[in-house]
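What follows is the residue order along each chain.
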Amino acid sequence: MAFESLTDKLQNVFKNLRSKGRLTQDDVRAALKEVRMALLEADVNFRVVKQFVKSVEERAIGQDVMNGLNPGQMVIKIVNEEMTALMGSETTEIALQPGKALTVILLCGLQGAGKTTAAAKLAGKFQQKGKKVLLAACDVYRPAAIEQLQRNGEKQGTEVFSMGTGHKPVNIARAAVEHAGKNGCNILILDTAGRLHIDEEMMAELSEIKENVTVHQTLLVVDAMTGQDAVNVAREFDEKVGVDGVILSKMDGDTRGGAALSIKAVTGKPILYVSVGEKLSDLEQFYPDRMASRILGMGDVLTLIDKVSANLDIDADREKEMAAKMKKGKFDFDDYLESMKQMRNMGGLSGILGMFPGRAVPGMGDLESMVDEKQLARTEAIVLSMTPQERRNPKLLNPSRKHRIARGAGVDISTVNRFIKQFEQSQKMMKQLPGMLGSKGGRKGKFRFPF
Amino acid sequence: MSEEKRGFFARLRDGLSKTRANIVHGIDSVFSGFSSIDEAFYEELEEVLIMGDLGVGATEEILDRLRRQVKEQGIRKPEDCRQLLTDSIKEQMHVGETAYDFEQEQSVVFVIGVNGVGKTTSVGKLAGMLKAQGRRVLIAAADTFRAAAGEQLSEWANRAGVDVIGGREGSDPSSVIFDAVNAAKARHIDVLLCDTAGRLHNKKNLMEELKKMNRILDREFPGAHRENLVVLDGTTGQNALVQAREFAKVTDLTGIILTKMDGTAKGGIAVAVQSELGIPVKYIGVGERMEDLQKFDADQFVNALFDRKEEEEGGRIEEP
Ligand SMILES: Nc1nc2c(ncn2[C@@H]2O[C@H](COP(=O)(O)OP(=O)(O)OP(=O)(O)O)[C@@H](O)[C@H]2O)c(=O)[nH]1
Ligand SMILES: [Mg+2]
């Protein structure tokens, strides 16, 4: 695959780098040349790449090369950190109105971006959380757009408000708000027609809706495969209509999705969800750090594991049993230490992943080099700086305790925060992993996956 | 560090928004801004090509060729480069003489591509175009998966004034194809247009489904001229190349429909596809109306590629 050759290339370049101790200008430049190519191949906008590479170069030259890393890896480490910082370090939740009050969400974007499907998926998400949702069909142009939304609404068990194709979208939106109010809905999702960002009339139609009804959240739906033009699209929608957040669609494809970085760079708006399939349940939270590594093409380890777990047919009872075990608080920081030991015994991360089915994922071969022994040692130091109580009950970790731990482990507070967050994520994965590995090696329920 | 980050964002946004108050210049703006052929000149060309979505590979190939020609022919002035460069891309993108023969023959047009690229719309437009040429047209609605896909296609068929076979949600797409072929034969149809469900090329079983449909067409309608068109969204970046590569494994692709060319994207990935796979762009979609389908014009395409928005004060993104 295309990505593999890119990673190979990167490896080859790194072999020839020779800075010892500090990163030299030559080595940084050589490594960044490849990074630049990787980002452009991933469709990150040319100018965004230019700026990004420049700022990394400044930061990297003269930095100490950490023990155990080669200079190329050190540069990549910095690149990855910078990218994650750019993507935003937190997962952002969509802001809803307090209590039972109605939140109006408007979906907009180019033609074929996936708005109608996303609308139905969002409806399902909110319903799961106990919200009463109304979908409104404001696409009066595309043939059968209304029927598509209605059909999806039926599948989700969501009411769809429609007035046919004979009314202006703004009037449909207004009537939908009224209808939602009368029926005690908590969420109203307005599905609008796809439009080009340079179509003044159609863009004005969206502004008109926003002038006449209170829209709390305007979400831009963007195809993850979008090329260099993503910056223009995002900027125009943001400036003409005002965007609060982004949904990235078709992420189940094999695109690297550099558009996400471009969009974040020009609008600064958070990506809230990623759409990962045609089933109406295929909508996921967005994790900036995973996106950063996907764009960079280094294999998105966490997503991979999520996917593998989701693909496996774990029978429900077994899963419940495992989940119950986990919930009993069996997985804590002590288990983490234990699992690190286990992982070493089992031949490292890539050895473990190799056991999973469906491993034909780009960049897999390169996992070994991504596992940064130094970083594992650092996280170990963090855990060892916790009190026994804290290790058993991670919930105790308030800010002042975290600061103490950071001092104890000789790292900064952000490293501690990041680690704890990852820990929480991996706790979630635990619910699925033991069942998968059960058949393999009699480690049923015992295996822990450290990241 | 966060201070630094904000600084970066702000700078970037400023830099990019400078392009807003732009005037669109023709191809000359790229070439006339330089007095000699130096590295800065090549860098500018690189920027233009990559921003047009040609990708790193195709861009390097084109610029390497240009450098070679410049050297061999002893070219000094950027202006003289222009012809060389545009000619070579135009030549490459040239659509063969026989590209549109199917329009006049008994033929089957198999339309495939990923989700939302414009397959159904293009089938509708093709139906309208062929019908206007006096051809007898039938549409096979083999998207039986997406909600209301059948209704959408029926609306297009109505507009074009042609019949549709199939389209019932949940039915088997291959049997739709089978039925449509038989209907086409029975009704002495000239052109059978097959719309299929959008699918991402990395979904193995869905690609197998397409292969099956392709086999049925091969087997049941061996006499017909086959036209297999992959629809690529002009807004798509490098992934479109992967798409073309994968859909080419399903059937012998004979052309590309490049859609949404009425936007600001350049569709440059088609150059990479043409250069790697030798599949020509045959039609471009330029809007949502029946008449918004055009035969591909290499000259126009290449000129538009170099048509660029120029910042009024020549402002680039500021150096940090
Ligand atoms: N601006 C513009 N919009 C287009 C063009 N071609 C198609 N569209 C729009 O793009 C959207 C998707 O088009 P469809 O024809 O439904 O795409 P599809 O490939 O059949 O989609 P699926 O069957 O869902 O995979 C619709 O809103 C079309 O109106 C074009 O050339 N220009
Ligand atoms: Mg369709």
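Being a predicted model, the structure only gives us computed values, none of them experimental.

**Q** How do you make sense of the site of ligand 1 when you look at a structure like this?
**A** Near ligand 1, the surroundings consist of 22 residues, among which B:K119, B:T120, B:T121, B:Q152 and B:E288 are the closest. The local environment of ligand 1 is shared, drawing residues from chains A and B. B:T121 is positioned with one of its side-chain polar atoms (N or O) 2.5 Å from an oxygen atom of ligand 1. Within the complex, the protein chains bury 95% of what would otherwise be the 650 Å² of accessible surface of ligand 1. Counting residues per element, the shell around ligand 1 draws most heavily on helix α6 (residues 119–132) of chain B, which supplies 4 residues. Looking at the shell around ligand 1 residue by residue, the classes come out as 3 nonpolar, 11 polar and 8 charged.

**Q** What is the right way to look at the sheet that holds strand β1 (residues 103–108) of chain A in this model?
**A** In a beta sheet, neighbouring strands are held together by backbone hydrogen bonds and run either parallel or antiparallel to one another. Residues and elements named next belong to chain A. Taken in spatial order, the 8 strands make up an open sheet running β3-β2-β4-β1-β5-β6-β7-β8, and their pairing is mixed. Of all the strands in the sheet, the pair left with one neighbour each is β3 (159–161) and β8 (283–285). The average angle at which neighbouring strand axes cross in this sheet is 25°, direction not considered. Pairing geometry for strand β5 (residues 217–223) and strand β6 (residues 245–249), over 5 bridges, is parallel.

**Q** Looking at this model, I keep getting lost on the sheet that holds strand β7 (residues 255–259) of chain B. Mind explaining?
**A** Residues and elements named next belong to chain B. Spatially, the 8 strands line up as an open sheet ordered β4-β3-β5-β2-β6-β7-β8-β9, and their pairing is mixed. The open sheet is flanked by β4 (163–166) and β9 (293–295), the only strands paired with a single partner. Each strand axis lies, on average, 25° off the axis of its neighbour in the sheet, ignoring direction. Here strand β3 (residues 137–142) runs beside β4; their pairing, made up of 4 bridges, is parallel. Paired with L138 across the strands is D163, a residue of β4. Against the sheet, helix α7 (residues 149–160) makes contact with β3, β4 and β5 (191–196), and its axis sits at roughly 175° relative to β3, the strand it touches most.

**Q** Mind showing me how you'd approach the domain arrangement of chain A here?
**A** Accessible area lost when the parts come together is the quantity often used to give the size of an interface. All names here are of chain A. Each assigned domain of chain A is listed with its residue range as follows: domain 1 (4–86), domain 2 (103–298) and domain 3 (306–437). Contact with domain 2 buries area across many residues of domain 1, yet D43, N45 and M83 alone supply 32% of it, more than any other trio. Linking domain 1 with domain 2 are 0 salt bridges, by the criterion used here. If you look at where domain 1 meets domain 2, you find 6 residue pairs in polar contact (both at pLDDT 80 or more). Mapped by element, the contributors of at least two residues to the side of domain 1 that touches domain 2 are α1 (2–15), α2 (25–41), α3 (46–60) and α4 (71–87). Residue contributions to the side of domain 1 that touches domain 2 peak at 6 residues, all from α4.

**Q** So what exactly am I meant to see when it comes to the pattern of salt bridges here?
**A** When the charged atoms of two side chains lie near each other, side chains of opposite charge can form a pair. All names here are of chain A. Here the structure, examined in full by the defined rule, presents 35 salt bridges over all chains. Its salt-bridge partner being R29, residue E57 comes within 2.9 Å of it at the nearest N-O pair. Of this pair, E57 sits in helix α3 while R29 sits in helix α2, and the two are 28 residues apart along the sequence. The exposure class of E57 is buried, given its relative accessible area of 18%.

**Q** Would you take a moment to explain empty space enclosed by the protein for this structure?
**A** The gaps of empty space that remain are located by a probe, the size of a water molecule, rolled over the atoms. By the definition in use, this model includes 5 cavities of 30 Å³ or more. Lining of the largest cavity is provided by 15 residues; of these, A:L110, A:A113, A:D223, A:T226 and B:T235 occupy positions nearest its centre. Per element, the largest residue contribution to the lining of the largest cavity is 4 residues, and it comes from β5(A). Class assignment for the residues of the lining of the largest cavity results in 7 nonpolar, 5 polar and 3 charged.

**Q** How do you make sense of the interface of chain A and chain B when you look at a structure like this?
**A** On the chain B side, the residues contacting the 52 residues of chain A number 58 residues. Between chain A and chain B the total buried area reaches about 5,000 Å² when both faces are included, carbon and sulfur atoms providing 56% of it. The largest contributions to the chain A side of the interface with chain B come from A:R47, A:Q51 and A:E278, which together make up 16% of the buried area. Residue B:K203 pairs with A:D252 through a salt bridge whose shortest N-O separation is 2.4 Å. Taken together, the links from chain A to chain B amount to 21 residue pairs in polar contact (both at pLDDT 80 or more). Listing elements by their share of the side of chain A that touches chain B, those giving two or more residues are α2, α3, α4, α6 (145–156), α9 (230–240) and α10 (259–267) of chain A.

**Q** Just checking my understanding: could you explain a negative patch on the surface for this structure?
**A** Residues and elements named next belong to chain B. A cluster of acidic side chains, namely D87, E91, D297 and D299, defines a negative patch on the protein surface. Considering the arrangement of structural elements, one finds D299 in helix α12 (residues 298–306). The class for D299 is partly exposed, based on a relative accessible area of 42%.

**Q** I would appreciate a short explanation of helix α8 (residues 200–212) of chain A in the present structure.
**A** Because each turn of an α-helix spans 3.6 residues, side chains separated by three or four positions end up pointing in the same direction. Residues and elements named next belong to chain A. If you check α8, its first and last C-alpha atoms are 18 Å apart, about what 13 residues at 1.5 Å a residue would give, namely 18 Å. Three or more residues of α8 are buried, namely M202, M203, E205, L206, S207 and I209. Contacts from the buried residues of α8 go to β1, α7 (169–182), β4 (187–192) and α9.

**Q** Help me understand the environment of B:G33, please; the structure alone is not making it clear to me.
**A** Relative to the elements of secondary structure, B:G33 occurs in the loop between α2 (28–32) and α3 (39–51). In this structure the C-alpha to C-alpha distance between B:G33 and B:E44, which are 11 residues apart in sequence, comes to 9.8 Å.

**Q** I would appreciate a short explanation of the pairing of strand β2 (residues 133–138) of chain A in the present structure.
**A** Regular strands show a simple pattern: their side chains alternate between the two faces of the sheet. Residue and element names in this part refer to chain A. Taken across its 6 residues, β2 has 6 buried, putting it largely inside the fold. Side chains of β2 alternate between two faces, with V133, L135 and A137 and L134, A136 and C138 buried alike. The pairing of β2 with β3 spans 3 bridges and is classified as parallel. Note on β3: the bridge partner recorded for L135 is V160.

**Q** Explanation requested: unusual backbone geometry in the structure shown.
**A** What you tend to see is this: most non-glycine residues have negative phi, and most peptide bonds are trans. Its identity is not glycine, yet A:K250 carries a phi of approximately 60°, on the positive side. By the element assignment, A:K250 lies in the loop between β6 and α10. With a phi angle near 60°, B:K260 is a residue other than glycine that sits in the positive phi range. Here B:K260 is to be found in the loop between β7 and α11 (269–277).

**Q** Where do I start with the nonpolar core in this structure?
**A** The nonpolar side chains of a soluble globular protein tend to be buried with one another. With 97 residues, the main nonpolar core has B:L45, B:L193 and B:F306 as its most contacted residues. In terms of nonpolar packing, the next biggest core, distinct from the first, is built from 80 residues, A:F52, A:A136, A:A234 and A:V276 among them.

**Q** Just to check I follow, could you spell out the packing of aromatic side chains for this structure?
**A** The description of an aromatic ring pair uses the distance of the two centres, along with the angle that the planes make with each other. Residues and elements named next belong to chain B. Inspection of the entire model under this criterion finds 4 aromatic pairs over all chains. Between F34 and F41, the ring centres sit 5.5 Å apart and the planes meet at 70°, which makes this aromatic pair edge-to-face. Neither residue differs from the other here; F34 and F41 are each classed as buried. Put simply, the rings of F34, F41 and Y42 touch in pairs and so form one group of aromatic residues. Sitting over the ring of W156, R159 keeps its end group 4.6 Å from the ring centre. Positioned over the ring face of Y100 is K295, at 4.8 Å from the centre of the ring.

Cut-offs and rules
- Residues numbered from 1 in each chain as written.
- Chains lettered and ligands numbered in written order.
- Predicted model: local features only at pLDDT ≥ 70, side-chain atom pairs only at ≥ 80, totals over all residues.
- Heavy atoms only, no water.
- Near = heavy atom within 4 Å.
- Polar contact = N/O pair within 3.5 Å; in protein donor to acceptor, adjacent residues only side chain to side chain.
- Areas by Shrake-Rupley, 256 points an atom, 1.4 Å probe, with all protein chains shown as cover.
- Helix = DSSP H or I, 4+ residues; strand = E, 2+ residues; numbered from the N terminus.
- Nonpolar A, V, L, I, M, F, W, Y, C, P; charged D, E, K, R; others polar.
- Pairing = 2+ DSSP bridges.
- Axes fitted to C-alpha atoms, helices over the stretch in contact; angles between N-to-C directions.
- Contact = heavy atoms within 4.5 Å.
- Domains from an automatic or database assignment.
- Buried area = accessible area lost by both parts, 1.4 Å probe.
- Salt bridge = Lys/Arg side-chain N within 4 Å of Asp/Glu carboxyl O.
- Buried < 20%, exposed > 50% of the residue type's maximum accessible area, 1.4 Å probe, protein only.
- 1 Å grid on protein atoms, 1.4 Å probe; cavity = no way out; pocket = protein on both sides within 12 Å on 5 of 7 lines; lining within 4 Å.
- Points joined across faces, edges and corners; volume = space filled by probe spheres on them.
- Patch = residues over 30% accessible without salt bridge, like charges linked within 9 Å, V, L, I, M, F, W, Y side chains within 5 Å.
- Lys, Arg positive; Asp, Glu negative; His and termini not counted.
- Charge placed at Lys NZ, Arg CZ, Asp CG, Glu CD.
- Expected span 1.5 Å × (residues − 1).
- Core = buried A, V, L, I, M, F, W, Y, C linked by side-chain atoms within 4.5 Å.
- Phe/Tyr/Trp six-rings, centres within 6.5 Å; stacked < 30°, edge-to-face > 60°.
- Lys NZ or Arg CZ within 6 Å of the ring centre and 35° of its normal.

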